[in-house]
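A closer look at the structure
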Amino acid sequence: MSSAPAPVATAVPQAPGTLRAGLAHPIALVRWLWAAYMTPGRPGRPTEQTELRWIYTAWLAAFLLKMLGSSWDVSWHFKWLRDDLAPPHLLNTVGTAVVVALVLFHSYTGYGVDRRALRWMQVGTATFLIAIPVDLVNHRINGLDITSWSASHALLYLGTAIMLAGALRGWWLHAAPGRTRDLVSLGLWLFFVENVLFANQHQEYGVLSLEAYEAGRTTAEPSLLDFAASQGQSPAMFMLPVPSWVHPAWLVCAGLLALLVARRVVGLRWTATLVAVGYLGYRGLMWLGLVALGFPPSVLPVVLIVGALLVDVAVDRRVPGWLAGPVVTAAVYAVAYPLAQLGLLPPWNWWSVLPVAVASAALWAAVDALATSAWLARWRAAGEPAATTVPA
């Protein structure tokens, strides 16, 4: 009795050497990608470095589209009434569609991820997709509700953060050490920090929009102001809807915390500073482009640079978190004061420095403890490679 011959594995062809070479013939490129890589496999499937770079370049492109769309969306909402099919929403949707396609690709083929990274991607994408109808219902019920601080918007940020955490893990564990791994990691962390700080843009746009309104040169269309008035909302109520302690507290306890974690994970000496410079550089370019198109301007949180520099210095000098947190917080508030007097920041509650310093010390100390924990050591280890294909 003879057994059936074992199936012969099909050799995977080489990827195009450059992105330009592939994009020159897009139809042929898609056919090649499908034939070469759309085969079933488990997480941990061996992936060549060239293919890995292609996959995570697509991740960078997807989040760039999402970031461009969301940045445009903030300015749009300070000019026009909300519209589900507004161009910024459509641009963000294209980026989300690419993310969904990438998660489906990872889930089916197992390329470029381990089991934990894939679960983070799947959970983050599911959270984001669930948040979309929740947000639509929220707007139907609450009408205007342009604030970035609503619960439905928070769910969108949370989903984006979780899927980004999966992409960061997948890339860091599977990419070969070197300049490419560092650069892609910095790019992904830039998107992560932008997502964390996104909600603060409401105050950064609102302070200038309210100032323009009170000066008689409003940047908002009459339809937006009339709709707000019909709901009993003054311009101040929807342009600066949260207390003045929120902006500094979120910048320090969320924004700088994200930069601290990026510095710990990537390990480059000026990681936090590079990401902060990249973020503010992006915000500056968007400011120029949006203002040129007639959209409202915003102030830029340039004080973030001070905090990022001090984060890098504190980590480099091994300053304990219980001490570094309050010192960095005090320095950020000190630099922010003259900027606020010049109108370059939203309103800050200066007495908030005390609780923010305490919270920053606790969060920083928690990161220090996590950095030496057995849990993090296990989390950093990739799962065992799975079989190349799923058995029939």
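Preceding this section is the structure that the text describes.
The notes below deal with the structure included here. This is a predicted model, so every value here is computed, not measured.

Describing the packing of helix α11 (residues 246-266) against helix α12 (residues 271-292)
- Following both chains from N to C, one finds α11 and α12 inclined at 125°, their axes separated by 8 Å at the closest point. One finds that α11 runs oblique with respect to α12. When you trace α11 past α12, the crossing you get is right-handed. On α12, the residues that touch L259, A262, R263 and V266 of α11 are T271, A272, V275 and A276.
- In the contact of α11 with α12, the residues fall into six nonpolar, one polar and one charged.

A word on a nonpolar patch on the surface
- On the surface, W270, L274, L309 and V313 cluster together to form a nonpolar patch covering roughly 340 Å² of accessible area.
- Relative to the helices and strands, V313 resides in helix α13 (residues 303-316).

Some thoughts on the side chain of T96
- Assignment of secondary structure puts T96 in helix α4 (residues 87-109).
- Looking at T96, its side chain comes within polar contact range of the side chain of K66, at 3.2 Å.
- For T96, the residues in contact, after removing those within four places along its chain, are K66, F128 and L129.

Overview of the environment of P88
- Position of P88 relative to the elements: it lies in helix α4.
- Assessed through its relative accessible area of 0%, P88 is described here as buried.
- Considering only alpha carbons, one finds P88 and D73, 15 residues apart in sequence, at a separation of 5.1 Å.
- Not counting residues within four places of it along the chain, the set of residues in contact with P88 comprises G69, W72, D73 and W76.

Looking at the side chain of N92
- On the secondary structure map, N92 appears in helix α4.
- Contacts of N92, omitting those with residues within four sequence positions, involve L65, K66, G69, S70 and F128.

Some thoughts on the packing of aromatic side chains
- For the structure on display, the rule yields 15 aromatic pairs.
- Considering the side-chain rings of Y337 and W350, the 5.1 Å spacing of their centres and the 65° angle between planes classify their relative orientation as edge-to-face. A residue pair is termed long-range when its members are at least 10 positions apart, and Y337 in helix α14 (residues 321-341) and W350 in the loop between α14 and α15 (353-371) qualify at 13 residues.
- Judged by its relative accessible area of 44%, Y337 falls in the partly exposed class.
- Residue classification places W350 among the partly exposed residues on the basis of a relative accessible area of 27%.
- Within the aromatic cluster, the residues linked to one another by ring pairs are Y333, Y337, W348 and W350.
- Of note, R181 hangs over the ring of W172, and the distance from its end group to the ring centre comes to 3.8 Å.

What about helix α8 (residues 201-214)?
- Its 14 residues place the ends of α8 20 Å apart at the C-alpha level, agreeing with the 20 Å of an ideal helix rising 1.5 Å per residue.
- Counted residue by residue, α8 has 11 buried out of 14 residues, so it is predominantly covered.
- The complete set of buried residues in α8 reads Q201, H202, Q203, E204, Y205, G206, V207, L208, S209, L210 and A212.
- Where the residues of α8 are buried, they touch α3 (49-77), α7 (179-197), α10 (235-239), α11 and α12.
- Phi turns positive, to about 80°, at G216, one or two residues after α8.

Quick look at unusual backbone geometry
- For R318, which is not glycine, the phi torsion reads 60° and is therefore positive.
- One can find R318 in the loop between α13 and α14.
- We classify R318 as exposed; its relative accessible area is 75%.

Here's the deal with the environment of E214
- Turning to its location among the elements, E214 is positioned in helix α8.
- Separated by 21 residues in sequence, E214 and P235 place their C-alpha atoms 9.2 Å apart.

Points about the nonpolar core
- One finds Y56, W59, F192, L259, L304 and V332 to be the most contacted residues of the largest nonpolar core, which totals 90 residues.
- Considering each element in turn, this core owes the most residues, 11 residues, to α11.

A look at α11
- With 21 residues, α11 extends 29 Å between its outermost C-alpha atoms, agreeing within 8% with the 30 Å of an ideal straight helix rising 1.5 Å per residue.
- A large share of α11 lies buried, amounting to 16 of its 21 residues.
- In the segment just after α11, G267 is the residue with positive phi, at about 85°.

Let's talk about the packing of α11 against α14
- It is the contact of α11 with α14, at a shortest axis distance of 11 Å, that shows an interaxial angle of 135°. In this view, α11 runs oblique relative to α14, as classed from their interaxial angle. Relative to α14, the crossing made by α11 is right-handed. Only V328, T329, V332 and Y333 of α14 make contact with α11, whose side of the interface consists of P248, A249, L251, V252 and L256.
- Looking at the contact of α11 with α14 residue by residue, the classes come out as eight nonpolar, one polar and no charged.

The rules behind the values
- Residues numbered from 1 in each chain as written.
- Predicted model: local features only at pLDDT ≥ 70, side-chain atom pairs only at ≥ 80, totals over all residues.
- Heavy atoms only, no water.
- Axes fitted to C-alpha atoms, helices over the stretch in contact; angles between N-to-C directions.
- Helix = DSSP H or I, 4+ residues; strand = E, 2+ residues; numbered from the N terminus.
- Parallel < 35°, antiparallel > 145°, perpendicular 65-115°, else oblique.
- Left-handed = near helix turned anticlockwise from the far one by under 90°.
- Contact = heavy atoms within 4.5 Å.
- Nonpolar A, V, L, I, M, F, W, Y, C, P; charged D, E, K, R; others polar.
- Patch = residues over 30% accessible without salt bridge, like charges linked within 9 Å, V, L, I, M, F, W, Y side chains within 5 Å.
- Areas by Shrake-Rupley, 256 points an atom, 1.4 Å probe, with all protein chains shown as cover.
- Salt bridge = Lys/Arg side-chain N within 4 Å of Asp/Glu carboxyl O.
- Polar contact = N/O pair within 3.5 Å; in protein donor to acceptor, adjacent residues only side chain to side chain.
- Buried < 20%, exposed > 50% of the residue type's maximum accessible area, 1.4 Å probe, protein only.
- Phe/Tyr/Trp six-rings, centres within 6.5 Å; stacked < 30°, edge-to-face > 60°.
- Lys NZ or Arg CZ within 6 Å of the ring centre and 35° of its normal.
- Expected span 1.5 Å × (residues − 1).
- Core = buried A, V, L, I, M, F, W, Y, C linked by side-chain atoms within 4.5 Å.

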